[in-house]
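# Observations on chain architecture
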Amino acid sequence: MIHSSISPSSFKRAVMCPAFPRLSAGVPESRSDYADEGSCAHVVVDWSIRNNSRTALKPPQSEIGEYARHWKNEMLGHAQVMIDYCWYLFDWYQGKCQMNSEAQVDLSWLYPETWGHVDFDIGMPFGRLHVIDYKYGAGVGVEVEDNPQLMGYAIGKIGPQNPREYSDVEITVVQPRKPHVNGPVRSWVISVPDLFTWAYGTLKPALEATENPNAQPNPGDWCKFCLALKADNPCPGVRALTQSTARTDFATPYTPVDPNSLTPDDIARILDAKAPIEAWLKEVANTAHRQAEKGTVIPGYKLVAGKSNRKWKDPLKVEKDLKTLIGDAVYAERKLKSPAQMEKVLKHHKKPIDSVKAYWEKSEAGTTLVPEKDSRSAIQAPRSPQADFAKPL
Ligand code: SF4
């Protein structure tokens, strides 16, 4: 029986698309700058917690290693959100629990060669286990409810021998750089029996289904970062979806359909296809770039030099050395904090946050169309003037 090792970060993709390991087989993992920046940001959290520091610390070169070129001072501020939450939990349990940073979890008892690392965990035996994941990305807000990656970490942390060690698990996403309606720290609780029902009833069969050589691709928002999009023969599922959605085989010049002529069902179908098609288009652009760098001529396109700005090699040394020369002029213009940042500072200084209420206002933000599964409550659509005129008098 052939199986691929599937890490918890790919569990959602495995559950939704059993064909992905087969269609990604042999495609080399390529590291992106975003991924390396995220790894660097994780080292800050891990280093600070391992050193029992309640303040985010800049790790030494020996810890940051190959990620050093991604270091930015702002990583300390973002890491502080995660570190504050970890210490808040430690204090909540009055320091009676063991807290772990970057603990390895083994899931090979559920599916061979499956394991991962939990950013932070802390738990009270026979009580609650907390599993916390630090997300440094600023692009897509990560939802915590039913999150297969974090649920995977939790079952790995509990293990098969001792499912009664905890009564429930609180999984938490800390994502300080991407605004989210539920804030940068959001949690969700699941009982241990429900977690194991999911592990044996959904996850295990899904992982086993990836071994089926006839498993069919199922495109969705889980296609983002799927290696099958980089394969020499890119994922046939996304290709078919793109063609059927655009109603073209790309052989003739494409004339987009007027969106106003689409039915609500057509619109829903196209919106469902947006994420995998966007992921595929991005991979087409990346492939074109890679090929052009190897000398392939892409008709109508050319390579130009990338734009690069100068940056400090060691910002802390610059600050120290140049401050002796020009004092506070080393700093950029001072900027007032946002209401949310100001409230955080007031809270940190144990000052009443109500004192800023009178100073801020919220401008009209309009509405956003989101999938039904989004955690925000639906609102009544505003009536159009046409609908009012259509009313019988
Ligand atoms: S690109 Fe999407 S549909 Fe294709 S294998 Fe990957 S997850 Fe499945």
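By convention here, each chain's residues receive numbers from 1 onward along its written sequence. Per-residue local features are limited, in this predicted model, to residues with pLDDT of at least 70; the limit for side-chain atom pairs, both in listing and counting, is 80 or more; totals at the level of whole chains, interfaces and linings are taken over all residues.

### Quick word on the overall build of the protein chain
How we decide: Note on conventions: DSSP H or I runs of at least 4 residues are helices, E runs of at least 2 residues are strands, and numbering of each starts at the N terminus. The burial label depends on the number of other C-beta atoms within 10 Å of a residue's C-beta. Counts of 20 or more mean buried, 12 or fewer mean exposed, and intermediate counts mean partly exposed, with C-beta atoms placed from the backbone. We call two residues in contact whenever the C-beta atoms placed from their backbones are within 7 Å.
Of the regular secondary structure elements, the protein chain holds 12 helices and 5 strands. The principal-axis extents of the C-alpha atoms in the protein chain amount to approximately 70 × 65 × 55 Å. The burial tally for the protein chain puts 23% of its 393 residues in the buried class. Sequence separation of at least 24 residues holds for 65% of the intrachain contacts in the protein chain that already meet a minimum separation of 6.

### Here's the deal with the nonpolar core
Cut-off, in case you're wondering: Joining buried Ala, Val, Leu, Ile, Met, Phe, Trp, Tyr and Cys residues through C-beta atoms within 7 Å gives a set, and that set is a nonpolar core. Residue ranges assigned to the domains are those given by an automatic or database domain assignment.
By size, the foremost hydrophobic cluster in this structure holds 59 residues, and its most contacted members are Ala79, Val131, Ala154, Val169 and Leu229. Lining this core are residues from two domains, each supplying at least three of them: domain 1 (8-209) and domain 2 (221-293). Non-local contacts of Val131, meaning those with residues more than four positions away in its chain, are made with Val118, Asp121, Leu150, Tyr153, Ala154, Lys157, Val169 and Ile171.

### Topic: the environment of Asn147
Positionally, Asn147 belongs in the loop between strand 3 (128-134) and helix 6 (148-158). Asn147 sits 33 residues away from His180 along the chain, and the two C-alpha atoms are 16 Å apart.

### Things to note about the domain arrangement of the protein chain
Condition: Polar here means any residue other than Ala, Val, Leu, Ile, Met, Phe, Trp, Tyr, Cys and Pro, which are nonpolar, and Asp, Glu, Lys and Arg, which are charged; Gly is therefore polar.
Domain parsing of the protein chain yields domain 1 (8-209) and domain 2 (221-293). Counting residues at the interface gives 10 residues for domain 1 and 8 residues for domain 2. Of all the secondary-structure elements, those providing two or more residues to the side of domain 1 that touches domain 2 are helix 1 (11-16) and helix 2 (20-24). Residues of the side of domain 1 that touches domain 2, tallied by class, amount to 6 nonpolar, 1 polar and 3 charged.

### Description of the site of the ligand
The following threshold applies: The criterion for a residue being near a molecule or strand is a backbone-placed C-beta atom within 6 Å of that molecule or strand.
In the neighbourhood of the ligand, 17 residues make up the surrounding shell, with Cys17, Pro217, Cys223, Cys226 and Cys235 lying closest. Broken down by secondary-structure element, the contributors of at least two residues to the shell around the ligand are helix 2 and helix 8 (236-246). Of the residues assigned to the shell around the ligand, the class counts are 14 nonpolar, 2 polar and 1 charged. Split by domain, the shell around the ligand shows at least three residues from each of two domains, domain 1 (8-209) and domain 2 (221-293).

### What about the environment of Arg376?
Relative to the helices and strands, Arg376 is located in the loop between helix 11 (339-348) and helix 12 (385-389). Judged by the 10 C-beta atoms lying within 10 Å of it, Arg376 falls in the exposed class. As for Arg376 and Val181, which are separated by 195 residues in sequence, their C-alpha atoms are 7.4 Å apart. When residues no more than four places from it in sequence are discounted, the contact partners of Arg376 are Val181 and Val370.

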